[in-house]
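# Close look at the chain arrangement
The chain contents come next:
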Amino acid sequence: MRKEAVIFLAEGFEEIEALTVVDVLRRAGACVRMVAAGNQKSVTGAHQICVEADEVFGEKHYEDASAVILPGGMPGTLHLKAHEGVRAVVQEAAKEKIVAAICAAPTVLADLGLLEGKEAVCYPGMEEEMHGAVCLNERVVQSGNIITGKGMGTAIDFALKLTEALFDKEKKEEIRKSIVYSVQE
């Protein structure tokens, strides 16, 4: 069965966090749909890099996706937090699918009450907005079906954790080796 993931892009998203996830998951064989959380496919990131999304929010359904992913960045995270449609999709997905957020975006999950009692990470300094979460000082954390990443510097780790969650450890290792990635502790 083909694995499908949806990543929501809002104006001001963190480009590396979003595109690293798309790239790594596509290398693993996942169907990753980049969805613009706005009125047009063209979305400009926090560092003025314009990305053409695959679709605009609402053009297709999201029930078949195995994972829903939120990149961080400012003001992208604030736009995601304010988007009622994205909020509804994330809330529904959290019942049985993988929900992942990196950098500032875990605060969207906290705002929805999805991190209550769960271990998580976020961009340093945003812990006060992580209502109910047990904040750790790790690069990436998986707590049940929720995966959170600390920030842009952990984007590959975050993408590889998603690869493992969608596929398995063997696929994660295969991709890690193919991109010549190793973490220097």
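See the structure shown above.
So, here is what we can say about the structure in this document. Note that the structure is a prediction, hence the values are computed from the model and not measured. (Residues numbered from 1 in each chain as written. Predicted model: local features only at pLDDT ≥ 70, side-chain atom pairs only at ≥ 80, totals over all residues. Heavy atoms only, no water.)

Glancing now at the overall build of the protein chain. Each helix and strand counted, the protein chain has 6 helices and 11 strands in total. The globule rule puts the C-alpha radius of gyration for 185 residues at 16 Å, and the 15 Å found for the protein chain is close to it. Taking the principal axes of its C-alpha atoms as reference, the protein chain extends roughly 40 × 35 × 35 Å. Looking at the protein chain residue by residue over its 185 residues, the buried ones come to 53%. Within the protein chain, counting contacts between residues at least 6 apart in sequence, those at least 24 apart form 62% of the total. (Helix = DSSP H or I, 4+ residues; strand = E, 2+ residues; numbered from the N terminus. Rg over C-alpha atoms; globule rule 2.2 N^0.38 Å. Buried < 20%, exposed > 50% of the residue type's maximum accessible area, 1.4 Å probe, protein only. Contact = heavy atoms within 4.5 Å.)

Here the focus is the side chain of E15. With respect to the helices and strands, E15 occurs in helix α1 (residues 15-28). No salt bridge forms around the buried E15; measuring N to O, its nearest opposite-charge neighbour R26 is 17 Å away. At 2.7 Å, the side chain of E15 and the backbone nitrogen of H47 are in polar contact. A polar contact of 3.3 Å, which involves the side chain of E15, links it to the backbone nitrogen of I49. Apart from the residues within four sequence positions on either side, E15 is in contact with T20, G45, A46, H47, Q48 and I49. (Lys, Arg positive; Asp, Glu negative; His and termini not counted. Salt bridge = Lys/Arg side-chain N within 4 Å of Asp/Glu carboxyl O. Polar contact = N/O pair within 3.5 Å; in protein donor to acceptor, adjacent residues only side chain to side chain.)

With that settled, the discussion passes to the nonpolar core. In terms of nonpolar packing, the biggest core is built from 33 residues, with I7, L9, V21, L25, I69, F158 and L162 touching the most fellow members. For this core, the elements supplying multiple residues, two or more each, are β1 (4-9), α1, β2 (31-36), β6 (67-70), β7 (98-102) and α5 (155-166). Those residues within four positions of F158 in sequence are excluded, and the remaining contacts are V21, I69, A100, A101, I102, V140, I147, T148 and G149. V6, L80, V86 and A120 belong to the second-largest nonpolar core, a separate cluster that totals 31 residues. (Core = buried A, V, L, I, M, F, W, Y, C linked by side-chain atoms within 4.5 Å.)

Here the focus is the packing of α1 against α5. Remark: α1 packs on α5, axes separated minimally by 9 Å, with the N-to-C direction vectors making an angle of 40°. As α1 runs across α5, the sense of the crossing is right-handed. Seen from α1, the contacting residues are I16, E17, T20, V21, V24, L25 and A28; seen from α5, they are A155, I156, F158, A159, L160, L162, T163 and L166. Split into classes, the residues belonging to the contact of α1 with α5 amount to 12 nonpolar, 2 polar and 1 charged. (Axes fitted to C-alpha atoms, helices over the stretch in contact; angles between N-to-C directions. Left-handed = near helix turned anticlockwise from the far one by under 90°. Nonpolar A, V, L, I, M, F, W, Y, C, P; charged D, E, K, R; others polar.)

So, about the state of the cysteines. Applying the stated rule across the entire model yields 0 disulfides. The thiol of C103 is unpaired, and the distance to the nearest cysteine sulfur, on C122, comes to 8.7 Å. (Disulfide = S-S within 2.5 Å.)

One pass over the structure, following the stated rule, counts 3 aromatic pairs. Relative to F57, the ring of F8 lies with its centre 5.8 Å away and its plane at 45°, an arrangement referred to as tilted. Of this pair, F8 sits in strand β1 while F57 sits in the loop between β5 (55-56) and β6, placing them 49 residues apart in sequence. By relative accessible area, F8 is classed as buried at 0%. Taking 5.3 Å as the distance between ring centres and 25° as the angle between the ring planes, the aromatic pair formed by F57 and Y62 counts as stacked. Residue classification places F57 among the partly exposed residues on the basis of a relative accessible area of 23%. A relative accessible area of 9% places Y62 in the buried class. An aromatic cluster of three or more residues is present, and its members are F8, F57 and Y62. (Phe/Tyr/Trp six-rings, centres within 6.5 Å; stacked < 30°, edge-to-face > 60°.)

Taken as a whole, helix α3 (residues 84-93) has its buried residues at V86, R87, V89, V90 and A93. With its buried residues spanning 165° around the axis, α3 presents them on a single face. Those residues of α3 that are buried are in contact with β1, β6, α2 (76-82), β7 and α4 (106-111). (Arc of directions from axis to C-beta.)

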